[in-house]
Amino acid sequence: MKSTLAAALALSAFATGIAGAQAPRPVGTTPDPARDRASILAMQGEHMVDFAFDETVLLQPGYERHPAMRSGGDEVVIVVEATPTRVVLQHILVDAKSGHVTKHWRQDWTYEAPTRFEFSADQTWTVRALSPEETRGAWTQCVYEVSDAPRYCGTGKWSYDNGIATWTSDSTARPLPRREYTKRDDYNVVIGINRHTLTPNGWTHEQFNTKALREPDGSRVELAREFGFNDYQKTTDIDFTPAYDYWNATSGFWARVRAHWDGFLSQPPGVHLKTKIDGMAMIIPLFEQAEAIQGGKPVDDAAIGEVFAQWVEVAPAPAVAGR
């Protein structure tokens, strides 16, 4: 009960403060992409991570609050690319006891991005052009699955009020997370706002989510709101050598995989996946190919292309984005 109440209070506090967080910079204030870039790069490094999700506001008659979720892990964030206007960060999980490595999610940051992909229908992401008004002084963060398949993008500005570095996104749609689609089928889209904040010992990722059932015409029935809190605390107590070894061996392979995805996501209309929502039809063969490379066996582009040819296609004509 206490954790749910705390989540509700946090959600309420966010609702009152988000307007200020997302408001344009005051007149006369010049955007500072270099400072923003440094804030993004500050998320790299070795962390112990706590994940917490609580349903808060129930929006439909008869809907019962689902149990809170608590988990954690040891995760290193590695810089893959860093230019003045673009930063790519790869997350890799390590099991401290066994040393088992799991390539985790990826976040790409682009300053004044011209386009972004949006989760417009089941297993479909539409590429949309962003207007100068949307992106002036703003960074677009795009988040990707373990297979580098798309999940969601959000656009927003960094703020430094009272010396606190915080980035807040606009509201965008995303597919269900693994923690939910393995247990539930009563909703099919999350409408979320994300907030990243640098802290004295790391950084945090807050999620202000609405769980909804989206219809083919783009209308939706909202079931419940959820507050998510991911706390990344820097650590020197975990041996992340297996993660670095994995990435040193396979980073070139995953760069080629990203290039295949970019062929669909760099311009309209976008991409449609023919896999089930779990994406395992692509995750398994790509992870097996990465494992082969780590073991010293070559994997050519044709092998990667065969996976994409089987499960990935160009998105249909743009439909209602459901934003």
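Computed from a predicted structure; not experimentally measured. (Residues numbered from 1 in each chain as written. Predicted model: local features only at pLDDT ≥ 70, side-chain atom pairs only at ≥ 80, totals over all residues. Heavy atoms only, no water.)

Draft legend 1. Fine view of the pattern of salt bridges. One pass over the full model with this rule turns up 21 salt bridges. In this structure, the salt-bridge partner of K211 is E180, at a minimum N-O distance of 2.7 Å. On the criterion of sequence distance, the pair formed by K211 in strand 13 (residues 202-214) and E180 in helix 4 (residues 178-181) is long-range, its members being 31 residues apart. Put simply, K211 and E226 hold a salt bridge, and the shortest N to O gap is 3.1 Å. One end of the pair, K211, is in strand 13; the other, E226, is in strand 14 (residues 220-234), and 15 residues separate them in sequence. When its relative accessible area of 2% is taken as the criterion, K211 is described as buried. One salt-bridge network, held together by shared partners, links E55, R179, E180, R184, D186, K211 and E226. (Salt bridge = Lys/Arg side-chain N within 4 Å of Asp/Glu carboxyl O. Helix = DSSP H or I, 4+ residues; strand = E, 2+ residues; numbered from the N terminus. Buried < 20%, exposed > 50% of the residue type's maximum accessible area, 1.4 Å probe, protein only.)

Draft legend 2. Broad picture of the side chain of E226. E226 sits in the buried class, given a relative accessible area of 3%. Of note is the side chain of E226, whose polar atom sits 3.1 Å from the side chain of R179. A polar contact is formed between the side chain of E226 and the side chain of K211, at a distance of 3.1 Å. Residue contacts for E226: discarding those within four places in its chain leaves F53, D54, E55, T56, R179, Q207, F208, N209 and K211. (Polar contact = N/O pair within 3.5 Å; in protein donor to acceptor, adjacent residues only side chain to side chain. Contact = heavy atoms within 4.5 Å.)

Draft legend 3. Region of the structure containing the pairing of strand 4 (residues 101-111). With eight of 11 residues buried, strand 4 is to be regarded as a mostly interior element. Summarising the sheet, strand 3 (residues 86-94) and strand 4 pair through eight bridges and their orientation is antiparallel. Across the sheet, the residue bridging to V94 is V101, located in strand 4. Counted along the chain from strand 3 to the antiparallel partner strand 4, the turn is six residues long, and its residue G99 has a positive phi close to 80 degrees. (Pairing = 2+ DSSP bridges.)

Draft legend 4. Structural detail: the state of the cysteines. Enumeration according to the criterion identifies one disulfide in this entry. Paired by a disulfide, C142 and C153 hold their sulfur atoms 2.0 Å apart. Because the torsion about its S-S bond is 105 degrees, the bridge between C142 and C153 counts as right-handed. Here the residue C142 occupies a position in strand 7 (residues 139-144), and C153 occupies one in strand 8 (residues 150-156), the gap between them amounting to 11 residues. On the basis of relative accessible area, C142 is assigned to the buried category, the value being 9%. (Disulfide = S-S within 2.5 Å.)

Draft legend 5. Main features of the confidence of the model for the protein chain. Across the protein chain, pLDDT averages 91, with 89% of residues at or above 70. Counting contacts from residues 1-28, a segment whose pLDDT is below 50, to residues more than four positions away or on other chains yields 33 contacts. (pLDDT = per-residue confidence, 0-100.)

Draft legend 6. Geometry of empty space enclosed by the protein. Counted by the stated rule, this structure contains one cavity of 30 Å³ or more. Computed from the structure, the largest cavity encloses a volume of approximately 170 Å³. Looking at the largest cavity, it is lined by 18 residues, and the ones nearest its centre are E145, A149, L273, I277 and G279. Among the secondary structure elements, those contributing two or more residues to the lining of the largest cavity are strand 8 and helix 6 (280-294). Its residues assigned to classes, the lining of the largest cavity comprises 10 nonpolar, four polar and four charged. (1 Å grid on protein atoms, 1.4 Å probe; cavity = no way out; pocket = protein on both sides within 12 Å on 5 of 7 lines; lining within 4 Å. Points joined across faces, edges and corners; volume = space filled by probe spheres on them. Nonpolar A, V, L, I, M, F, W, Y, C, P; charged D, E, K, R; others polar.)

Draft legend 7. Here's a closer look at the layout of surface pockets. One number sums up the size of the largest pocket: a volume of about 760 Å³. Lining the largest pocket are 28 residues; nearest its centre among them are F51, H104, W105, P177 and R178. When residues of the lining of the largest pocket are traced back to their parent elements, those giving at least two are strand 1 (45-58), strand 2 (69-83), strand 4, strand 7, strand 8, helix 4, strand 13 and strand 14. The leading source of residues in the lining of the largest pocket is strand 2, at four residues.

Draft legend 8. Region of interest: the packing of helix 5 (residues 241-265) against helix 7 (residues 301-311). Relative to each other, helix 5 and helix 7 sit at 45 degrees, their axes nearing to 11 Å. Relative to helix 7, the element helix 5 lies oblique. As helix 5 runs across helix 7, the sense of the crossing is right-handed. Facing F253, R256, V257, H260, W261 and F264 of helix 5, the residues of helix 7 in contact are D301, I304, G305 and F308. (Axes fitted to C-alpha atoms, helices over the stretch in contact; angles between N-to-C directions. Parallel < 35°, antiparallel > 145°, perpendicular 65-115°, else oblique. Left-handed = near helix turned anticlockwise from the far one by under 90°.)

Draft legend 9. View of the sheet that holds strand 5 (residues 115-121). Taking strand neighbours across the sheet as the criterion, the four strands line up as 5-6-15-16 in an open arrangement whose pairing is antiparallel. Lying at the two open borders of the sheet, with one neighbouring strand each, are strand 5 and strand 16 (312-314). The sheet shows a mean angle of 25 degrees between the axes of neighbouring strands, direction not considered. Summarising the sheet, strand 5 and strand 6 (residues 124-129) pair through six bridges and their orientation is antiparallel. Bridged to T115 within strand 6 is A129. In the packing of helix 5 onto the sheet, the strands contacted are strand 5, strand 6, strand 15 (270-273) and strand 16, and the crossing angle to strand 15 comes to about 115 degrees. With respect to the sheet, helix 7 is in contact with strand 15 and strand 16, its orientation differing from that of strand 16 by roughly 65 degrees.

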